[in-house]
Amino acid sequence: DDALDRDARIKLSIGTNEPGNADGLFRTPVGLVFDHHRGLLLVTDTKNHRAQVFSCDDGGSFVSKFGEQGNRPREPYHPEGIAIDHDHDRILIVDCFNHRVQSWSLSEQSFLSCVGHRGTGDLEFNFPKGIAIDKHRRIVIADTDNNRLVFLSSIDLSFLFEIGNQGSLPGEFYHPSSVAIDHDRHRIIVTDPSNHRLVFLSLIDGSFLFEFGSQGDQ
């Protein structure tokens, strides 16, 4: 409430400055996605190993939560990226420390499936973090410690192809962490944090377009 009083630009604040595991509290929230069909905000509560759901039409009130720490199906361990696949009524969560992607029902928030394990091959990940879905029914994963983007089919979560390897040249990454889709301009945008830059790729074929950014505080 104090923050809302201090800065008129802040319209809503969820959580407190004291971390916790009660409903509506967080321990290092990382990923978020807005469900514009239902007016809901979904947040990966990373160090509580769960996702929480809030209503944006009701003052940010807590709605539900799902997931608990573990390595079995339905148990995320440090979930990070989160995306909504409306075509298949599901939520996709990047289960970072389990090196996989989990799928949950959007309407019921029940566990559906998971895919992946640790490695460098097809359908293998190494501390993945970011996720996005494009209009071509492809899921794009920022496979962080493998320094690449992995493309999966949103139909059956099968492997399609990968882009990138470790480096600082155009088309290379060093710990890519977040990914977004610019459908209007047919681009994929990737945060490349250890190279201190953003990288833009073609949404058509994944080819390098341009980059910007360098290390500094200016």
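Scroll up to find the structure.
Residues numbered from 1 in each chain as written. Predicted model: local features only at pLDDT ≥ 70, side-chain atom pairs only at ≥ 80, totals over all residues. Heavy atoms only, no water.

J.: Hey, could you run me through the nonpolar core in this one?
T.: Nonpolar side chains in soluble globular proteins generally cluster together in the buried interior. In this structure, Leu-149, Ile-188, Val-190 and Leu-201 are the most contacted members of the largest nonpolar core, which totals 14 residues. Elements represented by at least two residues in this core include exactly strand S12 (138-143), strand S13 (148-153), strand S15 (178-182), strand S16 (187-192) and strand S17 (197-202). Excluding anything up to four places from it in sequence, Val-190 contacts Leu-149, Phe-173, Pro-176, Ser-178, Val-179, Arg-197, Leu-198, Val-199 and Leu-201. (Core = buried A, V, L, I, M, F, W, Y, C linked by side-chain atoms within 4.5 Å. Buried < 20%, exposed > 50% of the residue type's maximum accessible area, 1.4 Å probe, protein only. Helix = DSSP H or I, 4+ residues; strand = E, 2+ residues; numbered from the N terminus. Contact = heavy atoms within 4.5 Å.)

J.: Would you explain the sheet that holds strand S6 (residues 90-95) in this entry?
T.: Strand-to-strand pairing in sheets goes through backbone hydrogen bonds, with the strands running parallel or antiparallel. Pairing within the open sheet is antiparallel, and its four strands lie in the order S5-S6-S7-S8. Two strands in the sheet have a free side with no partner beyond their single neighbour: strand S5 (79-85) and strand S8 (111-115). The sheet shows a mean angle of 20 degrees between the axes of neighbouring strands, taken without regard to direction. Bridge count between S6 and strand S7 (residues 100-105): six bridges; the pairing is antiparallel. Residue Ile-91 lies in a different strand from S7, and its bridge partner there is Trp-104. (Pairing = 2+ DSSP bridges. Axes fitted to C-alpha atoms, helices over the stretch in contact; angles between N-to-C directions.)

J.: What exactly am I supposed to notice about the side chain of His-49 here?
T.: With respect to the element layout, His-49 can be found in the loop between strand S2 (40-45) and strand S3 (50-55). Classification of His-49 by relative accessible area gives buried; the value is 7%. Within the structure, His-49 has its side chain in polar contact with the side chain of Gln-69 (distance 3.1 Å). (Polar contact = N/O pair within 3.5 Å; in protein donor to acceptor, adjacent residues only side chain to side chain.)

J.: I would appreciate a short explanation of the packing of aromatic side chains in the present structure.
T.: Tallying each qualifying case throughout the model produces nine aromatic pairs. Each ring, one from Tyr-77 and one from Phe-97, has its centre 5.3 Å from the other, and the planes form 80 degrees; the classification is edge-to-face. Of this pair, Tyr-77 sits in the loop between strand S4 (61-66) and S5 while Phe-97 sits in the loop between S6 and S7, placing them 20 residues apart in sequence. When its relative accessible area of 31% is taken as the criterion, Tyr-77 is described as partly exposed. Phe-97 sits in the partly exposed class, given a relative accessible area of 30%. Joined through ring pairs, the aromatic side chains of Phe-26, Phe-54 and Phe-62 make up one cluster. (Phe/Tyr/Trp six-rings, centres within 6.5 Å; stacked < 30°, edge-to-face > 60°.)

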